[in-house]
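Examining the three-dimensional arrangement
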Amino acid sequence: MNDNIRNSTNRKKKLITAVTIIIAIVAAGCLCNINKCTQKSIFAMDTYMELTAYGFNSEKAVDEAIDEITRLDKMFSTGDAESEITKLNTQKNIKMSDEVLYLFDESKAISEATNGAFDITIYPIMRAWGFGGDEFRVPSTDELDKLIKNVDYRKIKFDIRTNEVELPNEVEVDFGGIAKGYTSSRVADIMRKNNIKSAILNLGGNVQAVGTKPDGSKWKVAVKSPDDSKPYIGVLQISDKCVITSGGYERFFEQEGIVYHHIINPKNGMPANNGLVSVTIVSDDGTKADALSTALFVMGKEKAIDYWKQHKTEFDIILVDDENNTFVSDGIKDSFTEYGK
Ligand code: AMP
Ligand code: MG
């Protein structure tokens, strides 16, 4: 890989990591001094995660959560030859666990609801761009035209009674747009099972709040800024919700002055370029929120707002467009304070 590209990606990664750490500290760090609290971090799913829980059982809960993240990382990693996903992508017809079946089912529902803006069969295109590893490249139009013919979630056959999943030869899947959200829901379940009333789980900037802060007030979560013009877009006050953000700035490379990022439009195989630079979903359901953050980013501002209007009761959104305008949906207007206002 070109050194400039590597350096710019590394710089960005460091910045994002720093911002992520700051968010976690702002949200939780100082409270740890005055309450029984456990705070641990882990690098998994290609990102830095920090888990903070309060209460008698907090150490046990956080340790269980870390084991769970490690287990799910192994299950969904396309980079691991032994993962269930890699086995399916190579063997094409296998029996899979209930959990993977659940994600196939959820992915299909979001693909149908978003007219294919979310599509887990995007994987061969991700690889063509080099987003599977670190050797980024711009594929030719011919190459993309050939690959795009096989991107279609309707080609996946699965049976939730027998757990069998079948892919046509050319089709490969990637849960990169949904697995972290599922993981945050699972980790929140572990907290609740351990009777934790207060936890803030930061999975690489995707934040899941459990309950409220120990003093009963809401968690304050800083929503990541897509660029360096401000430290964060604003602060959201939440309890028992997840805040999941998609943005091209999270993984990208630059070639001849053009930036290519990792959220791909399944209609043409190109990085989505529909006027949005960041989409944040606020919801009770991490799995849906993650898939929707990717889908709405692909759809662009107008369609994203239309989609939200039809599903207002299920989630809220914060959109940032490429002219730096922020749209905040009605349900969270009163709990969101924009940076500098
Ligand atoms: P996120 O950060 O949640 O938006 O997820 C981005 C990741 O989702 C990428 O790194 C890919 O693994 C995958 N992905 C990219 N484009 C799509 C798409 N249109 N539908 C589903 N998954 C996608
Ligand atoms: Mg997503």
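Read on for an overview of the structure. (Residues numbered from 1 in each chain as written. Chains lettered and ligands numbered in written order. Predicted model: local features only at pLDDT ≥ 70, side-chain atom pairs only at ≥ 80, totals over all residues. Heavy atoms only, no water.)

**Thoughts on the sheet that holds strand 8 (residues 219-224)**
Pairing within the open sheet is antiparallel, and its 3 strands lie in the order 8-9-16. The sheet is open, and its two borders are formed by strand 8 and strand 16 (336-338), each paired with just one other strand. This sheet shows a mean twist of 25 degrees between the axes of neighbouring strands, independent of strand direction. (Pairing = 2+ DSSP bridges. Helix = DSSP H or I, 4+ residues; strand = E, 2+ residues; numbered from the N terminus. Axes fitted to C-alpha atoms, helices over the stretch in contact; angles between N-to-C directions.)

**Focus: the coordination of the magnesium ion (ligand 2)**
Taken together, Gly177 (O), Asp290 (O), Asp290 (OD) and Thr294 (OG1) make up the full set of protein donors to the magnesium ion (ligand 2), lying 2.1 to 2.5 Å away. The sequence motif formed by the donor residues of the magnesium ion (ligand 2) is G-x112-D-x3-T. Of this pair, glycine 177 sits in the loop between strand 5 (164-166) and helix 7 (179-193) while aspartate 290 sits in helix 8 (residues 286-299), and the two are 113 residues apart along the sequence. Overall, the relative accessible area of 17% leaves glycine 177 in the buried class. (Donors = N, O, S within 2.8 Å, 3.2 Å for Na, K, Ca; no water. Buried < 20%, exposed > 50% of the residue type's maximum accessible area, 1.4 Å probe, protein only.)

**Describing the sheet that holds strand 13 (residues 276-283)**
Pairing in this open sheet of 8 strands is antiparallel, and the strands run 1-2-6-7-10-13-14-15 from one edge to the other. A strand with exactly one partner marks an edge of an open sheet, and here the two such strands are strand 1 (37-44) and strand 15 (326-328). If you compare each strand with its neighbour and ignore which way they point, the axes differ by 10 degrees on average. Taken together, the 8 bridges between strand 1 and strand 2 (residues 47-54) define a ladder with antiparallel strand orientation.

**Structural notes on unusual backbone geometry**
Located in the positive-phi region is asparagine 163, a residue other than glycine, with phi close to 65 degrees. Inspection of the secondary structure assignment puts asparagine 163 in the loop between strand 4 (157-159) and strand 5.

**Observations regarding the site of ligand 1**
In the vicinity of ligand 1, 17 residues are found, and the nearest of them are Asp174, Ser246, Ile264, Asp290 and Thr294. Within the side chain of serine 246, one N or O atom sits 2.5 Å away from an oxygen atom of ligand 1. In the complex, the protein chains occlude 92% of the 500 Å² of accessible area that ligand 1 would expose alone. Here the shell around ligand 1 takes 3 residues from helix 8, the largest share from any one element. Here the shell around ligand 1 is composed, by residue class, of 8 nonpolar, 5 polar and 4 charged. (Near = heavy atom within 4 Å. Polar contact = N/O pair within 3.5 Å; in protein donor to acceptor, adjacent residues only side chain to side chain. Areas by Shrake-Rupley, 256 points an atom, 1.4 Å probe, with all protein chains shown as cover. Nonpolar A, V, L, I, M, F, W, Y, C, P; charged D, E, K, R; others polar.)

**Notes on the nonpolar core**
In this structure, Phe76, Met96, Phe104, Phe175, Met191, Leu201 and Leu296 are the most contacted members of the largest nonpolar core, which totals 65 residues. Grouped together as the second largest cluster of nonpolar side chains are 18 residues, Tyr54, Ala209, Ile233 and Val282 included. (Core = buried A, V, L, I, M, F, W, Y, C linked by side-chain atoms within 4.5 Å.)

**Considering the packing of helix 4 (residues 98-113) against helix 8**
Put simply, helix 4 and helix 8 touch, their axes get as near as 10 Å, and they point 40 degrees apart. It follows that helix 4 is oblique to helix 8 by the angle criterion. With respect to the hand of their crossing, helix 4 and helix 8 are arranged in right-handed fashion. Every residue of helix 8 that contacts helix 4 at Tyr102, Leu103, Glu106 and Ile110 is listed here: Thr287, Lys288, Ala291, Leu292 and Ala295. When grouped by side-chain class, the residues that make up the contact of helix 4 with helix 8 number 6 nonpolar, 1 polar and 2 charged. (Parallel < 35°, antiparallel > 145°, perpendicular 65-115°, else oblique. Left-handed = near helix turned anticlockwise from the far one by under 90°. Contact = heavy atoms within 4.5 Å.)

**Quick look at the packing of aromatic side chains**
According to the stated counting rule, one finds 15 aromatic pairs in the structure shown. Ring centres of tyrosine 102 and tyrosine 182 lie 5.8 Å apart, and the angle between their planes is 50 degrees; on these two criteria the pair is classed as tilted. Of the two residues, tyrosine 102 is situated in helix 4 and tyrosine 182 in helix 7; the sequence distance between them amounts to 80 residues. A relative accessible area of 34% places tyrosine 102 in the partly exposed class. The buried category is assigned to tyrosine 182, whose relative accessible area is 8%. (Phe/Tyr/Trp six-rings, centres within 6.5 Å; stacked < 30°, edge-to-face > 60°.)

**Examining helix 7**
Each full turn of the α-helix corresponds to 3.6 residues, which orients residues three or four apart in the same direction. Between its first and last C-alpha, helix 7 extends 21 Å over 15 residues, near the 21 Å set by a 1.5 Å rise per residue. By the criterion of burial, helix 7 is predominantly enclosed, with 11 of the 15 residues buried. Of the positions making up helix 7, those classed as buried are Ala179, Lys180, Gly181, Tyr182, Thr183, Ser184, Ser185, Val187, Ala188, Ile190 and Met191. Asparagine 195 occupies a position one or two residues after helix 7 and carries a positive phi of about 65 degrees. (Expected span 1.5 Å × (residues − 1).)

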